[in-house]
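Now for the letters of each chain:
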Amino acid sequence: VREIHTPNKSGLYSSKDLYNAEKDYSANIYGELVDEWINQKPEISDYLNVLQNIGIQTFKFEEYRERFFKVFQTTDKSKATESLNFLFKNSIVGQKVNANWEYLCTNQYMQIDFSKKFHVNNGLKSRLMLTENRTSSS
């Protein structure tokens, strides 16, 4: 945000500054995740690709599984479940608790529930080119 900030009279960051910084921030978060996990979990980029292929930030397990099968060219449901569990444990995706989207990093007592919708962490929204909802033409 500091790099993007356009100085003004108040010296405060504007909404425009924040929106302009979002793309770089999201790319940085994505890069950090891949760098951190690439040796232990070489398929991390493919897991993130599955999320990108879904195209929306909020999705059901069935949508994830369908895209997972296409990316990995498999029909092994346990592999899709395992990968989504990995994403959940690393707060890449979260779920609603009461009225808020929560992630394991901020709510360590959360348990994954495959019957509930999942939500991709806001920090990855821009890099994965996700929308909040499906368009009416979808």
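Look up: the structure comes first, before these words.
Here is a short report on the structure shown in this document.

Reading the values: the criteria
- For every chain, the first residue of the written sequence is number 1, and numbering continues from 1 along that sequence.
- Residues qualify for local features only when their pLDDT is at least 70, as the model is predicted, and side-chain atom pairs are given and counted only at 80 or more; totals for whole chains, interfaces and linings, by contrast, use all residues.
- To get the side-chain values, all heavy atoms of the structure are used, and hydrogens and water are removed first.
- In this description a helix means any DSSP run of H or I spanning at least four residues, a strand means any run of E spanning at least two, and both kinds are numbered starting from the N terminus.
- Think of it in three bands: residues with accessible area under 20% of the maximum for their type are buried, residues over 50% are exposed, and the middle band is partly exposed, with areas taken using a 1.4 Å probe on protein chains only.
- Should any heavy atoms of two residues lie within 4.5 Å, those residues are considered in contact.
- DSSP calls a pair of strands paired once it identifies at least 2 bridges connecting them.
- Here the expected length of a helix is defined as 1.5 Å per residue gap, with one fewer gap than residues.
- An arc is given here, and it is the one of the directions from the helix axis to the C-beta atoms.
- Buried Ala, Val, Leu, Ile, Met, Phe, Trp, Tyr and Cys residues form a nonpolar core when they are joined through side-chain atoms within 4.5 Å.
- What counts as a ring pair is set by centres within 6.5 Å for rings of Phe, Tyr and Trp (its six-membered ring), and what kind of pair is set by the plane angle: stacked under 30 degrees, edge-to-face over 60, tilted for all other angles.
- Only when the NZ of Lys or the CZ of Arg is both within 6 Å of the ring centre and within 35 degrees of the ring normal is a charge said to sit over the ring.

Of the regular secondary structure elements, the chain holds four helices and four strands. Each helix (α) and strand (β) of the chain, taken in turn from the N terminus, gives the series α-α-β-α-α-β-β-β. Across the 138 residues in the chain, those meeting the buried criterion constitute 33%. Relative to all contacts within the chain whose residues are 6 or more apart in sequence, the contacts with residues 24 or more apart total 47%.

Glancing now at the sheet that holds strand 2 (residues 93-97). As summarised here, the arrangement of the four strands in space is 1-4-2-3, forming an open sheet in which the pairing is antiparallel. Only two strands of the sheet have a single partner each, and these edge strands are strand 1 (58-59) and strand 3 (100-102). Of the strand pairs in this sheet, strand 2 and strand 4 (residues 118-120) are connected by three bridges, and their pairing is antiparallel. Looking at the pairing, Val93 lines up with Val120 of strand 4.

Given a rise of 1.5 Å per residue, twelve residues ought to cover 16 Å, and the 16 Å separating the end C-alpha atoms of helix 3 (residues 61-72) matches this to within 8%. All buried positions along helix 3 are accounted for by Phe61, Tyr64, Arg65 and Phe68. Seen from one end, helix 3 has its buried residues packed into an arc of 95°, which puts them on one side. Those residues of helix 3 that are buried are in contact with helix 2 (44-54), strand 1, helix 4 (77-89) and strand 4. Positive backbone phi, approximately 50°, marks Gln73, located one or two places after helix 3.

To continue, consider the nonpolar core. Counting residues in each nonpolar core, the largest one holds 28 residues, and the members touching the most others are Leu48, Leu51, Phe59, Tyr64, Leu87 and Val93. If you list the elements that add at least two residues to this core, you get helix 1 (15-37), helix 2, helix 3, helix 4 and strand 4. Broken down by element, this core gets its largest block of residues, six residues, from helix 2. With near-sequence residues (within four places) excluded, Tyr64 lies in contact with Tyr47, Val50, Leu51, Ile54, Phe59, Ala80, Ser83, Leu84 and Leu87.

Okay, the packing of aromatic side chains next. Counted by the stated rule, this structure contains ten aromatic pairs. The interplanar angle of 25° and the centroid separation of 6.1 Å between the aromatic rings of Phe59 and Tyr64 together place this pair among those described as stacked. Both rings, one in Phe59 and one in Phe118, keep their centres 5.7 Å apart while their planes meet at 20°; by these two values the pair is stacked. Here Phe59 is found in strand 1, whereas its partner Phe118 is found in strand 4, with 59 residues between them in sequence. Comparing Phe59 with Phe118 shows no difference in burial state: the two are buried. Grouping aromatic residues by their ring pairs yields a cluster made of Trp37, Tyr47, Phe59, Phe61, Tyr64, Phe68, Phe72, Phe86, Phe114 and Phe118. Across the ring face of Phe86, the terminal group of Lys41 is positioned such that the distance to the ring centre comes to 5.2 Å. Against the face of Tyr30 rests Arg127, its NZ or CZ located 3.9 Å from the ring centre.

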